[in-house]
Amino acid sequence: MEQLTLEPISKVSGEVNVPGSKSLSNRALLLAALAEGETELTNLLDSEDIEHMLNALTKLGVTYSLSEDKTRCKVVGNGGAFSVAEPLELFLGNAGTAMRPLCAALAASKVEVVLTGEPRMEERPIGDLVDALRMGNAEIEYLKNDGFPPLQIKGKTLSGGEMEVDGSVSSQFLTALLMSAPLFTGDVTIRIKGELVSKPYIDITLDTMAKFGVEVNNDNYQTFTISAGQSYRSPGKFMVEGDASSASYFLAAGAIKGGTVRVTGIGKNSIQGDIRFADVLEAMGAKITWHDEYVEVTGAPLKGIDMDMNHIPDAAMTIATTALFAQGPTSITNIYNWRVKETDRLNAMATELRKLGAEVEEGHDYIKVWPTDMLKHAAIDTYNDHRIAMCFSLVALSDTPVTINDPGCTRKTFPDYFTRFATLYS
Ligand SMILES: O=C(O)C1=C[C@@H](OP(=O)(O)O)[C@@H](O)[C@H](O)C1
Ligand SMILES: C=C(OP(=O)(O)O)C(=O)O
């Protein structure tokens, strides 16, 4: 197994650009494929999760051309649902933003398809989405375990109507229903059961749908209505914002050991909820300045915080390692769904933080981290989870080196993460 050891970094400063947003790239690709007209996507993310979406679109008969660096893509829209005569199998790796939205869109298309993924994908729940789609008459069967991929979908024309979805495990189920709604022939009403988690991702979905010409009536994030007769239309060009979750590692580095770090590619008007990560750093003591095209952070002594981070589940992992540099303990609460992502992140983060000598309390839906003056050099297991590899790189901002096992797992969303991180200190 490949390992990467980062030697202690005494100071970070300078400018770093983040690649395109995973959430926006996969949403825009799917909607461009379903739209009428040709869409030119720019600043597309070039990473594994996006490759899975692109490969699926190829098999679904969508025509597109990618630039050599894979950040520009011209997609020829289908002008509606997919239609493929022969049965297909689509492998979607561990990309939630491909598996969930494609499941819904294919249930409403003329296709017979099996959706598969990596072994971990077979442990990531999808039952709440399948239940909702079945209320709309979709034909979806589980090929192994009930409630989990792989799935067999016999797509057909669906008429819509009322659906209810549990929002307490993943917002991606609602995103999937919303994005597929214009493929249904009638009005669609989606009611949320339980607490809707990761809410800001729904804003990304609604904003992207609006850019492709579809309006959703959002009644307080409880009931969503999409009236019949709407269909996706290409906006012509679609610029993907930089990834706010990817920005979190550089912003945290600046907060811990800045100097001033400027992160470009995202700015104060970002639609991504994870941009609010910068507010958390500010609450911990960092100085943040907001600009249209970038965010700047200047380091200052940090203090621990106690915060509900349900709205920023991905960037919250970066707070768990930033906590090692704060005065006093940090509690990150209301993050049960860390357990159903790339790995059981609550357990994995607690285990790896303890290897460094930190005291950690792991609860059902929270983690509490006490910093230590005596950080130990450890080899961090990454569990094939890109975010564990990236957030533990921050440990090198102490006086102790850190070794990251399988650093290549960042390929899911940020293949050249370690190269870009190095530009801030070398
Ligand atoms: O819709 C999206 O683009 C995402 C939603 C979030 O998932 P959950 O809604 O499952 O928390 C997030 O963790 C994931 O990385 C991307
Ligand atoms: C949870 C994540 O990914 P996915 O889109 O596969 O859910 C993530 O990127 O942290």
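Here the structure is a predicted model, which is why all the values come from computation and not from measurement.

**Considerations on the overall build of the protein**
Working step 1: Along the protein, the regular secondary structure elements total 12 helices and 25 strands.
Working step 2: Over its C-alpha trace the protein gives a radius of gyration of 21 Å, about what one expects of a compact globule, namely 22 Å for 426 residues.
Working step 3: Considering only C-alpha atoms, the protein reaches an extent of 60 × 45 × 40 Å along its principal axes.
Working step 4: Looking at the protein as a whole, 61% of its 426 residues qualify as buried.
Working step 5: Here the contacts in the protein between residues at least 6 apart in sequence split such that 73% fall between residues at least 24 apart.
Working step 6: A total accessible area of about 15500 Å² is found for the protein, and carbon and sulfur atoms account for 46% of it.
Working step 7: With 38 positive and 56 negative side-chain charges, the protein shows a spacing of 1 Å between the two charge centroids.

**Comments concerning the sheet that holds strand β10 (residues 161-166)**
Working step 1: The four strands lie next to each other as β10-β11-β13-β12, forming an open sheet whose pairing is mixed. Two strands in the sheet have a free side with no partner beyond their single neighbour: β10 and β12 (217-219). Sheet twist, expressed as the mean angle between neighbouring strand axes with direction ignored, is 15 degrees.

**Focus: the pattern of salt bridges**
Working step 1: By the definition in use, this model includes 23 salt bridges.
Working step 2: Measuring nitrogen to oxygen at the nearest pair gives 2.9 Å for the salt bridge that ties Glu342 to Lys412. Highlighted residues: Glu342 in the loop between β21 (330-333) and α10 (345-355) and Lys412 in the loop between β25 (402-405) and α12 (417-422), separated in sequence by 70 residues. Neither residue differs from the other here; Glu342 and Lys412 are each classed as buried.
Working step 3: Residues participating in the shared-partner salt-bridge network are Asp49, Asp314, Glu342, Arg345, Asp385, Arg387 and Lys412.

**Observations concerning the site of ligand 1**
Working step 1: The environment of ligand 1 is formed by Lys22, Ser23, Arg27, Thr97, Ser170, Ser171, Gln172, Ser198, Tyr201, Asp314, Asn337 and Lys341.
Working step 2: Taking Ser171, its side chain carries an N or O atom lying 2.6 Å from an oxygen atom of ligand 1.
Working step 3: Contact distances for ligand 1 include 2.6 Å between an oxygen atom and a side-chain N or O atom of Lys341.
Working step 4: The fraction of the free accessible surface of ligand 1 (390 Å²) that becomes covered by protein chains is 95%.
Working step 5: Split into classes, the residues belonging to the shell around ligand 1 amount to one nonpolar, seven polar and four charged.
Working step 6: Of the domains in this structure, domain 1 (3-19 + 243-423) and domain 2 (22-220) are the two that each give at least three residues to the shell around ligand 1.

**Details of the pairing of strand β22 (residues 359-362)**
Working step 1: In this sheet, strand β23 (residues 366-370) lies alongside β22 in antiparallel orientation, the contact comprising four bridges. Paired with Glu359 across the two strands is Trp370, which belongs to β23.
Working step 2: Counting the residues that bridge the hairpin from β22 to β23 gives three residues.

**Regarding the UniProt feature "domain: Enolpyruvate transferase" (unreviewed entry) in the protein**
Working step 1: Taking the numbering used here, the UniProt-annotated feature "domain: Enolpyruvate transferase" (unreviewed entry) corresponds to residues 7-419.
Working step 2: Here residues 7-419 is 28% helix and 24% strand, with 14 Å between the C-alpha atoms at its ends.

**A short note on the packing of aromatic side chains**
Working step 1: Per the stated rule, a full pass over the model turns up nine aromatic pairs.
Working step 2: Ring centres of Phe421 and Tyr425 lie 5.4 Å apart, and the angle between their planes is 75 degrees; on these two criteria the pair is classed as edge-to-face.
Working step 3: A relative accessible area of 31% places Tyr425 in the partly exposed class.
Working step 4: Lys199 extends its terminal NZ or CZ atom over the ring of Tyr221, reaching a point 4.9 Å from the ring centre.

Definitions and cut-offs
Residues numbered from 1 in each chain as written. Chains lettered and ligands numbered in written order. Predicted model: local features only at pLDDT ≥ 70, side-chain atom pairs only at ≥ 80, totals over all residues. Heavy atoms only, no water. Helix = DSSP H or I, 4+ residues; strand = E, 2+ residues; numbered from the N terminus. Rg over C-alpha atoms; globule rule 2.2 N^0.38 Å. Buried < 20%, exposed > 50% of the residue type's maximum accessible area, 1.4 Å probe, protein only. Contact = heavy atoms within 4.5 Å. Areas by Shrake-Rupley, 256 points an atom, 1.4 Å probe, with all protein chains shown as cover. Lys, Arg positive; Asp, Glu negative; His and termini not counted. Charge placed at Lys NZ, Arg CZ, Asp CG, Glu CD. Pairing = 2+ DSSP bridges. Axes fitted to C-alpha atoms, helices over the stretch in contact; angles between N-to-C directions. Salt bridge = Lys/Arg side-chain N within 4 Å of Asp/Glu carboxyl O. Near = heavy atom within 4 Å. Polar contact = N/O pair within 3.5 Å; in protein donor to acceptor, adjacent residues only side chain to side chain. Nonpolar A, V, L, I, M, F, W, Y, C, P; charged D, E, K, R; others polar. Domains from an automatic or database assignment. UniProt positions renumbered as here; feature names shortened; annotations may be inferred. Phe/Tyr/Trp six-rings, centres within 6.5 Å; stacked < 30°, edge-to-face > 60°. Lys NZ or Arg CZ within 6 Å of the ring centre and 35° of its normal.

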